[in-house]
Amino acid sequence: MRWTKQLIPTLREVPQEAEIPSHQLMLRAGLIRKLGGGLYTFLPLAFRALKKVEKIVREEMERAGALEILMPALHPREIWERSGRYEVLRDVMFNIKDRQDRPMVLGPTHEEIVTDLVSREIKSYRQLPVNLYQIQTKFRDEIRPRFGLMRAKEFIMKDAYSFDVGWDEADASYKAMYEAYERIFKRCGLRTKVVEADTGAMGGNWSHEFMVLADAGEDGIVECDQCSYAANLERAESRPGGASDFDEAALPCETVPTPGRRTVQEVAAFFQSPPARLIKTLIYMADKKPVAVLVPGDRDVNEIKLKRALKARELALATDEAIEQATGAPVGFAGPVGLQIPMIADLRLKGCKGAIAGANQNDAHRIHVDLERDAKVEDYADLILSREGDGCPRCDGSLHEKRGIEVGHVFKLGTKYSELLGANYLDVDGKQKPAVMGCYGIGVTRTLQSTIEQSHDDNGIVWPISVAPYQVEILVLNMQHEESVRIAEQLIKDLEARGVDVLLDDRDERPGVKFKDADLLGLPVRVNIGERGLAKGVIEIKVRKSPDLQTAPIAEASKAVLGCVDELWKDVAIS
RNA sequence: CGGGGCGUAGCGCAGCCUGGUAGCGCGUCUGCCUUGGGCGCAGAAGGUCAGGAGUUCAAUUCUCCUCGCCCCGACCA
């Protein structure tokens, strides 16, 4: 392909809309253009790269035995009401009506649709297992689209759904997908970290996320420095220490005036005591009922864990009025002693003595609190947000925080959807049973951008060879020089005959412009053909990711380039 | 939805405070020149100053409203 016949609108300056490197580079290298917030057009180069990612995904899904289908993007709203997820996902769903005034939604995901299909077509255990996948555009009315393709309102996702006769069989399907994902990301040239994750609105029992480590990542994760434990912060546990006993003697609980001291910091300073000695008491509304949540003063509540522990559908911090009503004191003075609403405490508070807590009256706190002696805590659970330096829950190591971009997520769903939507089969014993499901997503467009986020330098993109829009870029430094052009054309012919995608920069531009744009585009191998080299009988080869410039005799040009290309394929080979 | 910022030529920005109908760099087009890291010279095109209303003799500039975009937060498969 010739540059002058392609559409590659490179930008010299950084568009102000872009914040992170991958987004800036996608705009500058002429890969994408914005139509509106969270809506992007893929220009030819990005489209080529996208197709390569999709091809890898397809090959690995097929290898794992999944069958490709294509489901509608437009769904009757009714099916979502039937599963109960219209309520759960209504905020992210685009609602529309057809001309008959029938309510429709644009699909944010496809569990309902595929389960409906399977419920109609799969009747017998003889037809199982089955794993159906598609590569589809999903629509989500994101509260805040961000970072180009990272969080868009419309994006391409590969989603697969497995149906098995039982739990063990479903585990095998899950494992097969997990392994397929490892291969996919490796082949895309991505280094990913697999973490334990929360299942969120998907429901289900267990899930793993495939994370691309990057500062711009939207998810916090922790990983152990000694074992393989890694988890999304939403789910991460940490090793609880022993019960905290701050009192030598078991002194009776006592109320102390603390005028105007509301925050943990203020109170800790007032008592000249470490924040950890305080019991932080937060009032939440769980399904419209107040509940007190107790955590160590130096820790934050993990609302996802809390929601799970309370088995609540809705959870939010109580309003100031609700707090006053529940505790009888203004915000900042809640405490477990004498509180009349249900209480749940973090595991780390179990058996703690000599603590400081709010007194449930204005401008007062209690000291020498022995939680078990002085309060009625209904339940203890792991409720806090893990953080840097916490102990690993699995070993003696400690946890470290990182940022990650979620590119893949595999879920064990169980029978939630099959029961709801009637995906039952007839087993050997003649009984109707719900199929055991798993679902598996890859954000294809996000994966593409992650590749750039993880592989770029100051000058531009550094494409892995497997997803690069073209594998080789040839620069003819002076298009007026006929010999250069002739040699370039011969080289292109040779390379294309060997299945290599080649882009020729045939613009009548000065060399400097071409070099800059070549670095920006980041195609894996660059070939310089210029009079200076030809005078010595050589062409030059520059591998984008390496600093070295090599030369090859004109007669061996294609062989030398192919050698570089082959070498680069080793980076993304699966073992 | 809350907080902040921005909207002037394709891109990056100045002008606005202190009202008098718009400018710079890059890009684009033409010609010359040049050809190893965003070259040089000469000329040119390109603007409903986001939209609407108001104040004023006069609004890019002041006021109000609306829309869009970006960032932070809440939220998130």
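Quick notes on the rules
Numbering of residues begins from 1 in every chain and follows the order in which that chain's sequence is written. Note on labels: chains are lettered from A, ligands numbered from 1, in written order. Totals for whole chains, interfaces and linings use all residues, but because this is a predicted model, local features are given only for residues with pLDDT of at least 70 and pairs of side-chain atoms are given and counted only at 80 or more. Only hydrogens and water are removed before side-chain values are computed, so all heavy atoms of the structure are retained for them. Secondary structure elements are taken from DSSP: a helix is a run of H or I of four residues or more, a strand is a run of E of two residues or more, and numbering for both begins at the N terminus. Burial classes: relative accessible area under 20% of the type maximum marks a residue as buried, over 50% as exposed, and values in between as partly exposed (1.4 Å probe, protein chains only). Only heavy atoms enter the contact rule, under which two residues are in contact if any of them lie within 4.5 Å. For every accessible area listed, the method is Shrake-Rupley and the probe measures 1.4 Å; residues are considered covered only by the protein chains on display. Being near a molecule or strand, for a residue, comes down to having at least one heavy atom within 4 Å of it. Within 3.5 Å is the distance limit for a polar contact, defined as a pair of N or O atoms, with the added protein rule that one can donate a hydrogen and the other accept it, and that residues adjacent in sequence qualify only through two side-chain atoms. Put simply, Ala, Val, Leu, Ile, Met, Phe, Trp, Tyr, Cys and Pro go in the nonpolar bin, Asp, Glu, Lys and Arg in the charged bin, and everything else, Gly too, in the polar bin. Annotation comment: domain bounds sourced from an automatic or database domain assignment. Buried Ala, Val, Leu, Ile, Met, Phe, Trp, Tyr and Cys residues that are joined via side-chain atoms within 4.5 Å together make up what is termed a nonpolar core. An expected span of 1.5 Å times one less than the residue number is assigned to each helix. By this definition, two strands are paired if DSSP reports at least two bridges between them. A fitted line through C-alpha atoms serves as each axis, taken over the contacting stretch for helices, and the angle formed by two N-to-C directions is quoted from 0 to 180°. Roughly parallel means an angle under 35 degrees; roughly antiparallel, over 145; roughly perpendicular, 65 to 115; everything else is oblique. Note on convention: the crossing is left-handed when the near helix lies turned anticlockwise from the far helix by less than a right angle, right-handed when the turn is clockwise. Side-chain rings of Phe, Tyr and Trp, where Trp is taken by its six-membered ring, are said to pair if the distance between their centres is within 6.5 Å; with planes under 30 degrees apart they count as stacked, over 60 as edge-to-face, and otherwise as tilted. Two conditions define a charge sitting above a ring: the NZ of Lys or the CZ of Arg must be within 6 Å of the ring centre, and it must be within 35 degrees of the ring normal. One speaks of a salt bridge when a side-chain nitrogen belonging to Lys or Arg is within 4 Å of a carboxyl oxygen belonging to Asp or Glu.

Colleague: Before we move on, could you go through the overall build of chain A and cite the residues and values that matter?
Modeller: Each helix and strand in chain A was counted, giving 16 helices and 31 strands. Across its three principal axes, chain A shows a C-alpha extent of roughly 95 × 65 × 50 Å. Relative to its full complement of 575 residues, chain A shows a buried share of 53%. The contacts of chain A with a sequence gap of at least 6 include a subset with a gap of at least 24, amounting to 70%. When the accessible surface of chain A is totalled, it reaches about 26400 Å², and 49% of it is carbon and sulfur.

Colleague: Outline the protein's contact with RNA strand B, supporting the account with residue identities and numerical values.
Modeller: Neighbouring RNA strand B are 43 residues; Arg-140, Glu-142, Arg-510, Asp-519 and Glu-540 lie closest to it. Of everything in RNA strand B that lies within 4 Å of the protein, sugar and phosphate atoms constitute 47%. With respect to RNA strand B, the side chain of Asp-519 contributes an N or O atom lying 2.5 Å from a base nitrogen. Here a base nitrogen of RNA strand B sits 2.3 Å away from a polar atom, N or O, in the side chain of Glu-540. When residues of the surface near RNA strand B are traced back to their parent elements, those giving at least two are strand 1 (32-36), strand 21 (399-414), helix 14 (511-521), strand 29 (525-529) and helix 15 (531-535). A per-element tally of the surface near RNA strand B places helix 14 first, with seven residues. Classifying every residue of the surface near RNA strand B by side-chain character gives 12 nonpolar, 11 polar and 20 charged.

Colleague: Help me get a handle on the side chain of Asn-528, residues and values and all.
Modeller: The topology assignment puts Asn-528 in strand 29. Within the structure, Asn-528 has its side chain in polar contact with the side chain of Arg-526 (distance 3.1 Å). Contact partners of Asn-528, with chain neighbours within four places excluded, come to Leu-475, Phe-515, Ile-539, Glu-540 and Leu-549.

Colleague: Explain the domain arrangement of chain A to me, using residue names and the numbers behind them.
Modeller: When the parts of a complex come together, some accessible area is lost, and that lost area is often taken as the interface size. According to the domain assignment, chain A consists of domain 1 (17-222 + 401-453), domain 2 (254-381) and domain 3 (470-571). Relative placement of domain 2 and domain 3: their C-alpha centres are 67 Å apart.

Colleague: Report on the nonpolar core, specifying residues and quantitative values.
Modeller: Among the nonpolar cores identified, the biggest contains 55 residues, and Leu-31, Ile-184 and Trp-463 are the most heavily contacted of them. Here this core takes eight residues from helix 2 (residues 44-63), the largest share from any one element. Both domains that furnish three or more residues to this core are identified here as domain 1 (17-222 + 401-453) and domain 3 (470-571). The contacts of Leu-31, once residues within four sequence positions are left out, are Met-26, Thr-41, Phe-42, Leu-43, Leu-45, Ala-46, Ile-452, Ile-461 and Trp-463. Membership of the second largest hydrophobic core comes to 28 residues, among which are Val-476, Val-502, Ile-541 and Val-543.

Colleague: Describe helix 2, with residues and values.
Modeller: Over its 20 residues, helix 2 runs 28 Å from end to end, which matches the ideal 28 Å to within 8%, given 1.5 Å per residue. Those residues of helix 2 that sit buried are Leu-45, Ala-46, Ala-49, Leu-50, Lys-52, Val-53, Glu-54, Ile-56, Val-57, Glu-60 and Met-61. Gly-65, located one to two residues past helix 2, shows a positive phi value of around 90°.

Colleague: Give a description of the sheet that holds strand 31 (residues 549-553) that names residues and reports values.
Modeller: Taken in spatial order, the five strands make up an open sheet running 28-27-29-30-31, and their pairing is mixed. Across the chains shown, the open sheet's two edge strands, defined by having one partner strand only, are strand 28 (502-505) and strand 31. Averaged over all pairs of adjacent strands, the angle between their axes in this sheet comes to 25°, without regard to strand direction. Inspection of the sheet shows strand 27 (residues 472-476) paired to strand 28 by four bridges, in the parallel sense. What sits directly across from Val-472, in strand 28, is Val-502. Most of the contacts of helix 13 (residues 482-497) go to strand 27, to which it runs at about 170°, and overall it touches strand 27, strand 28, strand 29 and strand 30 (538-543). Those strands touched by helix 14 are strand 27, strand 28 and strand 29, and its axis lies near 175° from that of strand 27.

Colleague: Explain helix 8 (residues 303-310) to me, and be specific about the residues and the numbers.
Modeller: In an α-helix, one turn spans 3.6 residues; hence positions three or four apart end up facing the same way. The N-cap residue of helix 8 is Asn-302: its side-chain oxygen and the backbone nitrogen of Ile-304 are 2.9 Å apart. Lys-311 occupies a position one or two residues after helix 8 and carries a positive phi of about 55°.

Colleague: Any details on the packing of helix 2 against helix 12 (residues 444-454)? Residues and values, ideally.
Modeller: Viewed as axis vectors pointing N to C, helix 2 and helix 12 meet at an angle of 110°, and their least axial separation amounts to 10 Å. In terms of their interaxial angle, helix 2 and helix 12 are classed as roughly perpendicular. Considering how the two elements wind past one another, helix 2 and helix 12 form a crossing that is right-handed. Residues Ala-46, Ala-49, Leu-50, Val-53 and Glu-54 of helix 2 pack against Val-444, Thr-445, Thr-447 and Leu-448 of helix 12. Here the residues of the contact of helix 2 with helix 12 sort into six nonpolar, two polar and one charged.

Colleague: Would you mind going over the pairing of strand 19 (residues 364-369) in detail, with residue names and values included?
Modeller: Of all six residues making up strand 19, six are buried, and the element is well covered by its neighbours. Bridging between strand 13 (residues 254-257) and strand 19 involves four bridges; their strand directions are antiparallel. Residue Glu-254 lies in a different strand from strand 19, and its bridge partner there is Ile-367. As paired elements, strand 18 (residues 355-358) and strand 19 share three bridges and run antiparallel to each other. Note on strand 19: the bridge partner recorded for Gly-358 is His-365.

Colleague: Any chance you could break down the packing of aromatic side chains for me, citing the residues and the numbers?
Modeller: This structure, assessed with the given rule, holds six aromatic pairs. Seen in terms of ring centroids, Tyr-178 and Phe-210 are 5.4 Å apart; in terms of plane orientation they differ by 65°. Their pairing is edge-to-face. With a gap of 32 residues between them, Tyr-178 in helix 6 (residues 167-187) and Phe-210 in strand 10 (residues 206-213) connect regions that are remote in the sequence. A cation over an aromatic ring shows up here: Arg-146 above the ring of Phe-147, its NZ or CZ 6.0 Å from the ring centre.

Colleague: Just give me the short version of the pairing of strand 10, but keep the residues and values in it.
Modeller: Where burial is concerned, most of strand 10 is hidden: six out of the eight residues are buried. Sheet topology places strand 9 (residues 192-196) next to strand 10; five bridges connect them, and they run antiparallel. Within strand 10, the position partnered with Lys-193 by the bridge is Met-211. Note: strand 10 against strand 21, eight bridges, orientation antiparallel.

Colleague: Give a description of the pattern of salt bridges that names residues and reports values.
Modeller: Tallied over the entire structure, the rule returns 46 salt bridges. Salt-bridge contacts for Lys-433 lead to Asp-429; the nearest nitrogen and oxygen are separated by 3.2 Å. The class for Lys-433 is partly exposed, based on a relative accessible area of 26%. Here Asp-457 makes a salt bridge to Arg-544, at a shortest N to O gap of 2.8 Å. Here Arg-544 lies in the loop between strand 30 and strand 31 and Asp-457 lies in strand 25 (residues 456-457), a separation of 87 residues in the sequence. Its relative accessible area of 29% is what places Asp-457 among the partly exposed residues. Taking the relative accessible area as the measure of exposure, Arg-544 reaches 8% and is therefore buried. Salt bridges linked by common partners bring Lys-55, Glu-59, Glu-60, Arg-63, Arg-183 and Arg-187 together as one network.

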